Structures are given as structure tokens and as C-alpha cells.
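Coordinate analysis (summary)
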Amino acid sequence: MEVVKVLHMNGGKGDTSYANNSLVQQKVISMTKPITEDAITQLYCSTLPKSLVIADLGCSSGPNTLFVVSDLIKVVNQLRQKLRHQSPEYQVFLNDLPGNDFNTIFKSLPSFQKKMSSQLGAGAGPCFFAGVPGSFYGRLFQSKTLHFVHSSYSLQWLSKVPEQLESNKGNIYMARTSPPSVLRAYHAQFQQDFSMFLKCRAEELVLSGRMVLTLLGRRSEDPSSKECCYIWELLALVLNEMVSEGFIDEEKMDSFNIPQYTPSPSEVKSEVLKEGSFSIACLEVSEVNWNIYSNDGGYNVAQCMRAVAEPLLVSHFGEAIIEEVFSRYREILSDRISKENTRFVNVIVSLIKKE
């Protein structure tokens, strides 16, 4: 699986699109707001830039794409009014992999800019937008040009499926039945990717530049713990059932693994300290229910997961099985959500580029 080509959320605005199935991600962004607002406040007050450059990495498409950006600009606008300063100009870079639905974002920009202009009022500086397709595990911007980097629910995705996962038969991710070698391979890939991410951003950020990163993670030090792997284990149950019924080839199933790693706070901290370019202003953990809707939990969580995982499944198994997979997944999720306390764990880290 070539992750750069295959990994993207479902585009458009249809029933299975990410735009219509990303309320969990929006809730997480809202929960992180105090940390993000504190970071942009500290940045603006200490540097007072004439032009403020913001990058949102792993921006996807839909309402969440511009949700953070609008909030950051509003905070800076209030600050500059309070301090009686001239408004900076804003440059916003929206980054994701090339398969992302950038067209939907671009089509929404005129109405967004009109709305922002009326909300900010007279005296607010202009805001310029640019899409930046490419992997954030490499350089994306010129040296020392960024002031603020934001990324939410993106950095748990790896640059590639770890190597040597042949022994992970019957699983599609780290699981309780995965051999230790599989867990080590996933962790090693995360270390390699996250340290490369930090190294690249260290070159692109100005001195004292800020980053706020939110990753899907876990509290436990066990990488196969239920709190981070259960949602994929339930999908594996569906796929294994369909293997036993002849819908899916067993070899296909055994060669499919999700390119993701959900780190603990200590693993995130360890990589930041090891790379050495950033100091940690804040490191927190939060939780959000799988189902944040009031009605049919199984349907909503299955739709949310489909918006995220469908492109990966289609590229490996083809389109023919997709409806059946998510119909069965919905049933299993409904059953588990009604009986168990099912939650996603988030690891949030706020970083400052060292001088």
C-alpha cells in the first residue's frame, strides 16, 4: 500500500463524505481550543508580526478545515485591537496529501472570507489562502517562514505501513493477539515518522514559533491496549467473518494493515526531547465518546469510520465488499456501544521552537 497515494478522507459532500461525518474531530478541536488560543496569544504578544503565517497540516475537507483558522485569526484580531496595533496580514497554508479533496475547500473560501470580513470588522488585515499538497513527513515550506502550525487527528497516520508484519495474521492493526515484533515495528515507524515531522517543522518555523498537535492516542503504555485498538479490532472481526464466508480472500486479509500508530503521552514527549528543537509548553490527554450523537450510535460511528477508512479498504479489497463491510460493522458497533464505555483518547502537545 502506497500511503501517500491512497490515504485521504472521503471527499465531496455526500452521505459517506468526511465533510458530513467528522463531528468527533470537530468536538476534539473544540476541546483543544484553550490550548490553541493560549499558544497563539503567547506567539502574537511576544513577536508582534506584521505578517502572520499559519499552517494547518492534515487539513482534510469540510467544516473542520477552516474552523481552527477562523478561531486563530479572531483571537489575534481581538489582541491587536486591545493593544491598539495595526492588524497583521494573514497567510494561511492548508496542507494534506495529494488525494485530499482540495476543490471542496477552495469552493468554500469566497463565502468564508466574506463571513470573516464581516465578523472581524474594519481594520482587520487581509487573509491569503494557499493549498499545499504533500506529505508532512518531508519539507513543505521555506526555512523560517511559519509562525504557527496546527494539526489535529492527522499525526497518528504513518508515512507507510510498517515492514515485517507478516506474523500479524487475522489482525488489521495492533491487537491483543499481535506478536511483540508487530508492536515493535509499529512503534519504530512512529518514532521515525514523528522525529522527521519535528525536524522538518523546526526548519520551517521562525524562532519562538508555536505548534499545537492533537493525535489520536492512548493513556496506557501498552500499544495494543483496548483504548486505542478496539475500534480496528471490531472491523477486523467483520473482515475475518467475511473471509470465513468466502467473500474475502484470506491472503488479502492477512496482507492488510492500517498505517496508524496511537502514541502515549510519554512516547510523544520522548520523541520531542530526543529531536531537541522544541520545548514543551503543555502536554495533556483528553477523551471523547465514540458516539457523540444522541441517536443511532452504531450507524454514526460506522459512518465516521467509513469516511476515514473507505479509501484504504477500497484500494486493497476493491469496492464490491464495502457496503456489506460497513453494514456488518454498524451492527457490531451498535451492540458494543450499548454495552460498553467506548471512548477515543487524545494526546495534545503544545510546542515552542527553541532559540
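Coordinates for the structure precede this section.
Residues numbered from 1 in each chain as written. Predicted model: local features only at pLDDT ≥ 70, side-chain atom pairs only at ≥ 80, totals over all residues. Heavy atoms only, no water.

Points about unusual backbone geometry
Positive phi, close to 60 degrees, is recorded for Arg84, a residue that is not glycine. With respect to the helices and strands, Arg84 occurs in the loop between helix H3 (67-82) and strand S2 (89-96). In this model, Tyr153 sits at a positive phi of 55 degrees, which is unusual for a non-glycine residue. Here Tyr153 shows up in the loop between strand S4 (146-152) and helix H5 (180-204). (Helix = DSSP H or I, 4+ residues; strand = E, 2+ residues; numbered from the N terminus.)

Some remarks on the packing of aromatic side chains
This model, assessed by the stated rule, comprises nine aromatic pairs. Note on Phe102 and Phe106: the rings are 6.1 Å apart at their centroids and 25 degrees apart in plane angle, and the pair reads as stacked. Taken as a pair, Phe102 and Phe106 lie in helix H4 (residues 102-120) at a separation of four residues, close to a single helical turn. A relative accessible area of 36% places Phe106 in the partly exposed class. Consider the rings of Phe190 and Phe194, whose centres lie 5.4 Å apart with planes at 15 degrees: the pair is stacked. Within this pair, Phe190 and its partner Phe194 are both found in helix H5, separated by four residues, close to a single helical turn. Per residue, the accessibility class of Phe190 equals that of Phe194, and both read buried. Cluster of aromatic residues (ring-pair linked, three or more members): Phe136, Tyr137, Phe190, Phe194, Phe197 and Tyr261. Directly above the ring of Phe197 sits Arg201, whose terminal nitrogen or CZ lies 4.9 Å from the centroid. (Phe/Tyr/Trp six-rings, centres within 6.5 Å; stacked < 30°, edge-to-face > 60°. Buried < 20%, exposed > 50% of the residue type's maximum accessible area, 1.4 Å probe, protein only. Lys NZ or Arg CZ within 6 Å of the ring centre and 35° of its normal.)

Structural notes on H4
Compared with an ideal rise of 1.5 Å per residue, which puts 19 residues at 27 Å, H4 spans 25 Å between its outermost C-alpha atoms and is within 8% of the ideal. Taken as a whole, H4 carries its principal kink of about 40 degrees at Leu109; the proline Pro110 stands between one and four residues after it. Within H4, the full set of buried residues consists of Phe102, Thr104, Ile105, Leu109, Phe112, Met116 and Leu120. At its buried positions, H4 is contacted by H3, S2 and strand S3 (127-133). (Expected span 1.5 Å × (residues − 1). Bend = angle between axes of the 7 residues up to and from the residue. Contact = heavy atoms within 4.5 Å.)

Quick look at the side chain of Lys353
Residue position: Lys353 is located in strand S7 (residues 343-353). Buried within the structure, Lys353 lacks any salt-bridge partner; Glu275 is the closest side chain of opposite charge, at an N-O distance of 9.1 Å. A polar contact is formed between the side chain of Lys353 and the backbone oxygen of Ala202, at a distance of 2.8 Å. Of the polar contacts made by the side chain of Lys353, one reaches the backbone oxygen of Leu205; its length is 3.1 Å. (Lys, Arg positive; Asp, Glu negative; His and termini not counted. Salt bridge = Lys/Arg side-chain N within 4 Å of Asp/Glu carboxyl O. Polar contact = N/O pair within 3.5 Å; in protein donor to acceptor, adjacent residues only side chain to side chain.)

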